[in-house]
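Notes for the structure review
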Amino acid sequence: MSEPSTNGSGYWRDNMRLVGICLAVWFFVSFGCGILLVDFLNRIAIGGFQLGFWFAQQGSMVVFLVITFVYAARMTVLDRRHGVREDDEDGS
């Protein structure tokens, strides 16, 4: 494994990049698919519901939950890479 970075600005730069990507995905799904692309997506029906309607009503919430878990997993990797830990190793 590589040597942990002690550069705080590198950690925050990587963190803000991850936050930016997560927000961009959520914006695309909630605003793009739920509002801008709704007419195009409504041509597709899943389970009797138009896909555009599904994105507007439920899709953005489901994607938000997935993004939350992905963010937590990626932050764990990022914390290890930069030598930042939240838990004590000695268990106290």
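Residues numbered from 1 in each chain as written. Predicted model: local features only at pLDDT ≥ 70, side-chain atom pairs only at ≥ 80, totals over all residues. Heavy atoms only, no water.

Side note on the nonpolar core
For clarity, the cut-off: Put simply, a nonpolar core is a bunch of buried Ala, Val, Leu, Ile, Met, Phe, Trp, Tyr and Cys residues held in one set by side-chain atoms that sit within 4.5 Å of each other. Any residue under 20% of the maximum accessible area for its type is buried, any over 50% is exposed, and the rest in between are partly exposed; the area is computed with a 1.4 Å probe on protein chains only. Under the DSSP-based scheme used, a helix requires at least four consecutive residues in state H or I and a strand at least two consecutive residues in state E, with every element numbered from the N terminus. Note on definitions: a residue-residue contact is assigned when non-hydrogen atoms from the two residues lie within 4.5 Å.
Counting 12 residues, the largest nonpolar core consists of Y11, L18, C22, V29, C33, L41, L51, F55, V63, I67, M75 and L78. Within the residue set of this core, elements represented by two or more residues are helix 1 (8-36) and helix 3 (51-82). Each residue touching F55, except ones within four places of it in the same chain, is listed here: V29, C33, G34, L41 and S60.

Considerations on the packing of aromatic side chains
Our working rule: Pairing of aromatic side chains requires ring centres within 6.5 Å, counting the rings of Phe and Tyr and the six-membered ring of Trp. Pairs whose planes differ by under 30 degrees are stacked, by over 60 edge-to-face, and all others tilted.
The tally for this structure, following the rule as stated, stands at 4 aromatic pairs. On the basis of an interplanar angle of 80° and a centroid distance of 5.4 Å, the ring pair of Y11 and W12 is categorised as edge-to-face. The class of Y11 is buried, set by a relative accessible area of 13%. Seen from their ring centres, W26 and F64 are 4.7 Å apart, and the 35° between their planes marks the pair as tilted. One end of the pair, W26, is in helix 1; the other, F64, is in helix 3, and 38 residues separate them in sequence. Classification of W26 as partly exposed rests on a relative accessible area of 32%. For F64, a relative accessible area of 37% gives the class partly exposed.

A few points about the environment of G8
With respect to the element layout, G8 can be found in helix 1. Expressed as a C-alpha distance, the spacing of G8 and H82, which sit 74 residues apart in the sequence, is 8.3 Å.

Some points on the confidence of the model for the protein chain
Going by this rule: Along the chain, pLDDT gives the predictor's confidence residue by residue, from 0 to 100.
The predicted model of the protein chain averages 84 in pLDDT, with 86% of residues at 70 or higher. Per-element mean pLDDT across the protein chain ranges from 85 in strand 2 (residues 49-50) up to 90 in helix 1.

Topic: the side chain of D79
Let me state the cut-off plainly: His is not counted, nor are the chain ends, whereas Lys and Arg count as positive and Asp and Glu as negative. The rule for a salt bridge is simple: a side-chain nitrogen of Lys or Arg has to be within 4 Å of a carboxyl oxygen of Asp or Glu.
As for its placement among the helices and strands, D79 is situated in helix 3. Buried within the structure, D79 lacks any salt-bridge partner; R80 is the closest side chain of opposite charge, at an N-O distance of 8.2 Å. With near-sequence residues (within four places) excluded, D79 lies in contact with Y11, V84 and E86.

Regarding helix 3
Given 3.6 residues to a turn, an α-helix orients residues that are three or four positions apart in the same direction. Put simply, the test is: Bend, at a single residue, is the angle you get between axes fitted to the 7 residues ending at that residue and the 7 residues starting at it.
When the local axis directions of helix 3 are compared, the greatest deviation, roughly 55°, occurs at Q58. By the burial criterion, the buried members of helix 3 are L51, G52, F55, G59, S60, V63, I67, M75, L78, D79 and H82. Buried residues belonging to helix 3 abut helix 1, helix 2 (38-41), strand 1 (45-46) and strand 2. Phi turns positive one or two residues past the end of helix 3, at G83, with a value near 75°.

Focus: the environment of F27
For F27, the position within the fold is in helix 1. A relative accessible area of 51% places F27 in the exposed class. Sequence separation between F27 and F64 is 37 residues, and the spatial gap between their C-alpha atoms is 9.9 Å.

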